[in-house]
Amino acid sequence: MEEMIPLFEDEYAGQPAPKRVLAYMQKKQENDQPIVGTYCAYAPIEIMQAMGLTPAILCAFAKATIASAETVLPANLCPLIKSSYGFIQEGSCPFFSMAGAVVAETTCDGKKKMFELAAEVKPLHVMDLPQLPDEVEAKENWTRMIRKLQGFLEETFNRTATDLQIEESIKKSNKRNQLMRKIFDYAAIHPPVINWQEMFDISFMALPYDVDDAVPVLEGIIERLERRVAEGVHYGSQNSPRVLVTGSPVGGDALKIYKIIEQCGGVVVTPDCCTGLKLFAKDFEEDMADPAEALAKRYLQIPCSCMTPNEGRLEALSEMIEHFKPDAVIDFVLTACHSYNVESYKVGQYISEKHDMPFLKIETDYSDNDEGQIRTKVQALFEIID
Amino acid sequence: MGQHFAGIDIGSRTIELVIVDKAGTIIENFQRDTGYNPMSEVDSLLSQVSYDAIMATGYGRNLFELSIEARTVTEIKAHARGAMATFPGVRTVLDIGGQDSKVISLSETGRVSRFEMNDRCAAGTGKFLEIMAKSLGYRIEDFGNEALAAKKDITISSMCTVFAESEVTSLIGRGEDCREIALGLHDSVVRRVSGMIRRVSATDAGELVFTGGVARNPCIRMLLERTLDREIQVAEDPQLIGAYGAALLALESALQ
């Protein structure tokens, strides 16, 4: 195979994605653009960006901080929550250290209670997330919560955002989302022209960046992807099993799932999780009378398992299957992530009945002691496809 | 094309080697403990036989692939193939080995359509039974028959090995009969695997074949049949099924 053109043309190419983003955040902070920490896809970053604040995704994906977290938190809690809290305790997350405040949402019980502990360390604002998104009150309530967040940020950072500025932010996010979808489309090509690591690195960068800064980078990436297409380079082969990975957020030590898929000869064509396609999949409605309502409407469409019912996830899966043409679906469930774990049954039924496609649920945490078993399961899944 | 095809199943507890001829008939088979140096056991086993092609399976298959030029296949496909060759009507395979338990659902043509395998913990596997037998002072070979001699059921609620050991200790201390405790332990394994079977094979269509070392335990077999209200097929040497399946796959890939 020909040499792959690196997609980033900067000094961080080939390095872990957080390095690039950290350097960017530091520059922003120096330029009087304070940092706001976020944990979850539901954090409406457009509000932050509208008032010149920089959102930073806080550390949550390393097994290294779990032991210290377990001195306070129960061991049988989701690794993502334990890892997040361990970083706070150890003071080892640079993004958290830089953040002037943290925005949190009531997505799950474990996080909700962990936020109470984190609030003792940093100003922390919790948004009450409606979990029945189809109810008429949901949009109204979430709009109100977004406005309340605006009030909190205005007070904490002594800044303001007009509706016009929020609208501008929305339009920019739409522009970014369109470019991101265009980039993910290179994974729909058979065989894919982009791999999981690149999609992960790009998503990690694109979300917290000012869209004005992100757009030229994304456009450069598309240009280089086009060059790959022209040169006929790609990942895997015509026969490599194409995998859609759905479920809990994936990052850091949890990336083992993508690595194992690749080692077993597969290619990840859709990372359908909060650190993947999910956030860029849909646009905001533009020029609505109330831009906060446009935000509420879009954010409530995120098909997270904390929502009930979560039919949107099944619809989204069908659309992705249609578009990315995977050969199998792997549902990645973090241990003790009850909502994704319970929902896995429904997802499995749907994938086998509606799409007649091999389905595999993998329940794991950040440790590497089950890599052998996961490898056997993935290999057996690929044997089914053969 | 050659005359002899080997399948080797490098499990966590034992290694099985099966040689088939080009008609797929078993002509030789061997078994030994995996021990602490599986590769030297494998080498000494292989030095006793000759074959034209070999396929490896089991948790040690990747180790094998590194040292000897051989193709590998997962335990799931190997057990499915071996069970299909032994019982052509099979639609569900239950394999309980030393560290892993698996339920495999097969299509009419014998292809794997779904499977489930335990996550990291060896609860409900051969290892669990082995440790429990020891804590009651039984040899593993006798454990099932002793349990079958029990007069009443005792419910053991712990599935975790160390928790179950504590539970056993307290039952012994209460003066409960060892055979009845043994029955309770067998029942706890059966409750766990029957849940897996119900999840993976929704229909009662076709035969249910029980493979792996634990299939030799008569009490597990009896309790499974009672719990599932379904007949279970067990091969004469159920622990050889994985290696047999691998040998057949070695033969078939040579035919291609």
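Bear in mind the structure is a predicted one, so any value in this text is a computation, not a measurement.

Draft legend 1. Geometry of the sheet that holds strand β8 (residues 359–364) of chain A. All names here are of chain A. Read across the open sheet, the 4 strands follow the order β6-β5-β7-β8; overall the sheet is parallel. Of all strands in the sheet, those with a lone pairing partner are β6 (267–272) and β8, marking the two edges. Across this sheet, the average inter-strand angle for adjacent strands is 25 degrees, counted without regard to direction. Those strands touched by helix α15 (residues 371–385) are β5 (242–247), β7 (328–334) and β8, and its axis lies near 175 degrees from that of β8.

Draft legend 2. Structural detail: the state of the cysteines. Within this structure, the stated rule accounts for 1 disulfide over all chains. The thiol of C306(A) is unpaired, and the distance to the nearest cysteine sulfur, on C304(A), comes to 3.4 Å. Free cysteine: C178(B), not disulfide-bonded; nearest cysteine sulfur from C219(B) at 15 Å. Note on C178(B): relative accessible area 28%, which makes it partly exposed.

Draft legend 3. Summary view of the environment of A328(A). Residue and element names in this part refer to chain A. The topology assignment puts A328 in strand β7. Judged by its relative accessible area of 0%, A328 is buried. Sequence separation of A328 and P192 is 136 residues, and the distance between their C-alpha atoms is 15 Å. Ignoring sequence-local partners within four residues, the contact set of A328 consists of R242, V243, L244, M357, P358, L381 and I385.

Draft legend 4. Expanded view of the pattern of salt bridges. With the rule as written, the count across this model stands at 42 salt bridges over all chains. The residue R120(B) makes a salt bridge to D365(A) at a minimum N-O spacing of 3.3 Å. Residue R120(B) is found in the loop between β8 (112–117) and α4 (126–135), and its partner D365(A) is found in the loop between β8 and α15; the two belong to separate chains. Here R61(B) and E75(B) are joined by a salt bridge, their closest N and O atoms 2.9 Å apart. Of this pair, R61(B) sits in helix α2 (residues 61–67) while E75(B) sits in helix α3 (residues 75–86), and the two are 14 residues apart along the sequence.

Draft legend 5. Structural detail: the packing of aromatic side chains. Residue and element names in this part refer to chain A. Within the structure shown, the criterion is met by 8 aromatic pairs over all chains. A ring pair is formed by Y24 and Y209, whose centres lie 3.7 Å apart and whose planes are at 10 degrees; its orientation type is stacked. In this pair, Y24 sits in helix α1 (residues 17–30) while Y209 sits in the loop between α9 (196–206) and α10 (211–231), placing the two residues 185 residues apart along the sequence. Under the relative-accessibility criterion, Y209 is labelled buried at 7%. Their ring planes at 40 degrees and their centres at 5.9 Å tell us that F200 and F204 sit as a pair that is tilted. Linking F200 with F204, this pair stays in helix α9, spanning 4 residues, or about one helical turn. No difference in accessibility class separates F200 from F204, as the two residues are buried. Sitting over the ring of F8, R20 keeps its end group 3.5 Å from the ring centre.

About the cut-offs
- Residues numbered from 1 in each chain as written.
- Chains lettered and ligands numbered in written order.
- Predicted model: local features only at pLDDT ≥ 70, side-chain atom pairs only at ≥ 80, totals over all residues.
- Heavy atoms only, no water.
- Pairing = 2+ DSSP bridges.
- Helix = DSSP H or I, 4+ residues; strand = E, 2+ residues; numbered from the N terminus.
- Axes fitted to C-alpha atoms, helices over the stretch in contact; angles between N-to-C directions.
- Contact = heavy atoms within 4.5 Å.
- Disulfide = S-S within 2.5 Å.
- Buried < 20%, exposed > 50% of the residue type's maximum accessible area, 1.4 Å probe, protein only.
- Salt bridge = Lys/Arg side-chain N within 4 Å of Asp/Glu carboxyl O.
- Phe/Tyr/Trp six-rings, centres within 6.5 Å; stacked < 30°, edge-to-face > 60°.
- Lys NZ or Arg CZ within 6 Å of the ring centre and 35° of its normal.

Any functional reading would require information that these geometric values do not contain.
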